[in-house]
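Results of the structural survey
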Amino acid sequence: MNIRIICIGNRFFEPDAAGPRVYDMLASNPLPEGVQLIDGGLAGLNLLSCLEQTDLVIFVDTVSGFRDTPGIIVMNTFDSLHIPSDYDHNSGLGYLLRVAPLVITENLPEIVLVGIQTGSDSCLCSQAARMCLEVISGYRA
Amino acid sequence: MSEAPKITLNIPLNRVEGDLELTLEYDGAAVTNSWSSGIMFRGFENMLKGRAPRDGLVLTPRVCGICGTAHLLAAAKALDMLCGVTIPDNAVLVRHLALLAEHVQSDIRHGVLMFMQDFLNPAYKTQPFYAEAGLRYEPFRGTSVIKAIQATKKILEIVAIVGGQWPNSSFMVPGGIATTPTFNDMVGCSYIERSFTTWYEQEILGCSLERWAAVKIESDLDSWLEEKDNHRNGDLGFFLQCARQAGLDCIGAGHGNFISAGLNDISRLSMQTSDGTACLSAGFITKGEKSDFNQARITEHVAFSRFEGYGSGLHPFEGVTIPSFAQNPDKYSWAKAPRYNDLPAETGPLAEALVDGAPLFTDLVRRRGPTVFTRELARLTRPARLLPIMKKMIAGIDPRAPFYKTVKDIPDGRAYGLIEASRGTLGHWIEIQDGAIARYQIVTPTAWNGSPRDANAIRGPWEEAMLGISLKDPDNPVELGHTIRSFDACLVCAVHVCRKK
């Protein structure tokens, strides 16, 4: 069983740095067997190939508008996500998630988003890193 | 007779990368003046100061979410120069193979996913192409959209193969590359290139690369379009029909100055395109005359940019990047204003084709001047020039030969790396003092194209390209969108936050 954790964001722009910070935390410890950690950066649509030949993909990204207070959200359906109606060079995770089932027509993996709302403080990022591992445990169980 | 009242339009533009605003004066008949504002301060140059010399290899690819390979190559070339190393031919080939893969995916995504979508604008509801444009380019549904995403996903796998990592491949180092592609890797790259070329011929061109290479003057273009249904039905043929009906061959001229830094390393390997012209040579064109490219003639101005001022332009080796937060109505953009010989210059696929002497574009520009039509045509057909070069590169890589020449220490000194990125001329200038980066200046393609005015109050290329455009509906200025998009505006470094609906 192949699993990928793909952390999204811009480590040089604080409001968008949570994903890369989770990446650093996860990278500093051994991961369960069969789990690949990817620094997705701002690759957007260029991450499509990371959704191939894998069973589960966990995206970690900054989110906004999902909670009244800072915290973590986990979702595996994306109806509530704002999806840009147009493509541009900025098209991020929302566009990727919308377009993936349209272009990867065979063996699309299960996709989970671990979202971090408001801020990238180490407490929230630690929580998100733990959540990734819990999602993996739950998936394998 | 009294002058018609001028109105000022403030236009935030969608479907460009980053944050761009245009302010225009419109007198009811035509745009009479324009100001282009990049509205985000980035400051990568300042982040690099004091860091180890090799840090630019890791940091600068993050300047842009989509041109990481281009920044990596520019950074590596600057360090090559600093070390005085001539890298092995194998490394030249692998580096540029990855870069050209990035180019062709960018050209297709921009053309099919961004530029063509403007033909769905309600302004064209009565045009004969409108319904067909919807079938092809409607987001998430259009037949061409889905195929383009699938094909461009695949071509980027070349970067993953030769770079050993995806995304954020960091395989270029001073002295060559840090990976050692195998024979099987080359077989994989060859398969991907061939598959993409077949797709490009069938879906975009509607003909073979060789047939397209025979289109050398404007009348050839008309004959080619008439020749076969396949030519008219490909995305290129459809573009030709839409663009002419929309009048895009009459707008968006600009200054008529063009710059290309070229890819001098592949020139060294005598790579030529299928039409027999050079591929990505370096040069500067003004008033129709081409001259040799010399990076010493590049300066950056800040008279109208939100940076601490200096009199006129500074060469990037002397460049400073000190943001100015003082209220100054003259300073309207966070982009600097690059100039060559103190002239603004357009860069990108059209500039490359003209500097290379590509006959079709030389003819089109001689007859009509640069236009939105010519600029986008150059982008949509650049893969036809680059794919045969990629094929030769793959064939030229010898997995048994070295990919790296040993480089130990990075000495103090100054150096630069200049290349053609997907959107045009990209330069990194680096100065090392006492083993650390003392100065790092980056001049991006969009800094050239989207620059504000310089110390001589001369407009930047796309500011100039706006002049004279007549708007059928000032509330829906689709003509301006076409014009900006023909430059593939890319103001980079945006925030990617998933928002709730």
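Residues numbered from 1 in each chain as written. Chains lettered and ligands numbered in written order. Predicted model: local features only at pLDDT ≥ 70, side-chain atom pairs only at ≥ 80, totals over all residues. Heavy atoms only, no water.

Let's shift gears to the overall build of chain A. Looking only at helices and strands, chain A features 3 helices and 5 strands. Against the 2.2 N^0.38 benchmark of 14 Å for 141 residues, chain A shows a C-alpha radius of gyration of 14 Å, consistent with a compact globule. Oriented by its inertia axes, the alpha-carbon framework of chain A measures out at about 40 × 35 × 25 Å. A total of 141 residues make up chain A; the buried ones form 56% of that total. A fraction of 77% describes how many contacts in chain A between residues 6 or more apart in sequence connect residues 24 or more apart. Just so you have it, chain A exposes about 5,800 Å², and 47% of that area is on carbon and sulfur atoms. Here chain A holds 7 positive side-chain charges and 16 negative ones, and the gap between their average locations is 5 Å. (Helix = DSSP H or I, 4+ residues; strand = E, 2+ residues; numbered from the N terminus. Rg over C-alpha atoms; globule rule 2.2 N^0.38 Å. Buried < 20%, exposed > 50% of the residue type's maximum accessible area, 1.4 Å probe, protein only. Contact = heavy atoms within 4.5 Å. Areas by Shrake-Rupley, 256 points an atom, 1.4 Å probe, with all protein chains shown as cover. Lys, Arg positive; Asp, Glu negative; His and termini not counted. Charge placed at Lys NZ, Arg CZ, Asp CG, Glu CD.)

Attention now goes to the pairing of strand β2 (residues 35-41) of chain A. Residue and element names in this part refer to chain A. Counted residue by residue, β2 has 6 buried out of 7 residues, so it is predominantly covered. Looking at chain direction, strand β1 (residues 3-8) and β2 are connected through 6 bridges and run parallel. Its bridge partner lying in β2, Ile6 is registered against Ile38. In this region the chain leaves β1, passes through helix α1 (residues 18-27) and returns to the parallel neighbour β2; the handedness of that crossover is right-handed. (Pairing = 2+ DSSP bridges. Right-handed = clockwise from strand over helix to strand, strands pointing away.)

All names here are of chain B. Omega for the peptide link from Trp166 to Pro167 comes to -5°, which places this bond in the cis form. For Asn341, which is not glycine, the phi torsion reads 55° and is therefore positive. Counting through the fold element by element, Asn341 comes out in the loop between β10 (337-340) and α14 (349-356). The residue Asp488 is not glycine, and still its phi comes out positive at about 55°. Structurally, Asp488 is set in the loop between α19 (478-486) and β14 (498-499).

On to the pattern of salt bridges. All names here are of chain B. Evaluation of the coordinates by the stated rule reveals 35 salt bridges over all chains. Linking Arg400 and Asp398 is a salt bridge whose minimum nitrogen-to-oxygen distance equals 3.2 Å. Residue classification places Asp398 among the partly exposed positions, given a relative accessible area of 26%. Put simply, Arg439 and Glu431 hold a salt bridge, and the shortest N to O gap is 3.3 Å. One network of salt bridges, in which partners are shared, links Glu218, Asp363, Arg366, Arg367 and Arg368. (Salt bridge = Lys/Arg side-chain N within 4 Å of Asp/Glu carboxyl O.)

Residue and element names in this part refer to chain B. Spatially, 3 strands are ordered β11-β12-β13 in an open sheet, and the strand pairing comes out antiparallel. Both outer strands of the open sheet, β11 (413-421) and β13 (436-443), are each paired with one neighbouring strand and no more. Strand after strand, the sheet turns through a mean of 15° between neighbouring axes, direction not considered. In this sheet, β13 lies alongside strand β12 (residues 424-433) in antiparallel orientation, the contact comprising 7 bridges. (Axes fitted to C-alpha atoms, helices over the stretch in contact; angles between N-to-C directions.)

Residues and elements named next belong to chain B. For Asp265, the location among the structural elements is in helix α13 (residues 264-268). Looking at Asp265, its side chain comes within polar contact range of the side chain of Lys77, at 3.2 Å. Residue contacts for Asp265: discarding those within four places in its chain leaves Lys77, Val92 and His96. (Polar contact = N/O pair within 3.5 Å; in protein donor to acceptor, adjacent residues only side chain to side chain.)

Further remarks concern the confidence of the model for chain B. The predicted coordinates should not be examined in detail at positions where pLDDT is low. Residues and elements named next belong to chain B. When pLDDT is averaged across chain B, the result is 91; 93% of the residues are at 70 or more. Taken as a whole, residues 492-498 scores under 50 in pLDDT and shows 35 contacts with residues more than four places along the chain or in a different chain. Complex prediction metrics read pTM 0.92 and ipTM 0.87. (pLDDT = per-residue confidence, 0-100.)

Our next topic: the sheet that holds strand β6 (residues 258-260) of chain B. Residue and element names in this part refer to chain B. Spatial strand order, β6-β7-β8: 3 strands in an open sheet with antiparallel pairing. Of all the strands in the sheet, the pair left with one neighbour each is β6 and β8 (289-291). Between one strand axis and the next, the sheet turns by 15° as a mean value, whatever way the strands run. Sheet analysis places strand β7 (residues 283-286) next to β8, joined by 3 bridges and oriented antiparallel. Pairing of Ile285 across the sheet is with Lys290, part of β8.

So, on to the nonpolar core. Nonpolar side chains tend to gather and get buried jointly when the protein is soluble and globular. Judged by nonpolar contacts, the single largest core of 166 residues is most densely connected at Phe59(A), Phe119(B) and Phe239(B). With 15 residues, helix α4 (residues 89-115) of chain B is the single largest residue contributor to this core. Among all residues touching Phe59(A), those that are not within four sequence positions of it are Ile6(A), Ile8(A), Leu47(A), Leu51(A), Leu93(A), Leu96(A), Leu97(A), Ile111(A), Val112(A), Leu113(A) and Val114(A). Core analysis: the next-biggest nonpolar cluster, separate from the first, contains 22 residues, Val60(A), Leu124(A), Cys132(A) and Val135(A) among them. (Core = buried A, V, L, I, M, F, W, Y, C linked by side-chain atoms within 4.5 Å.)

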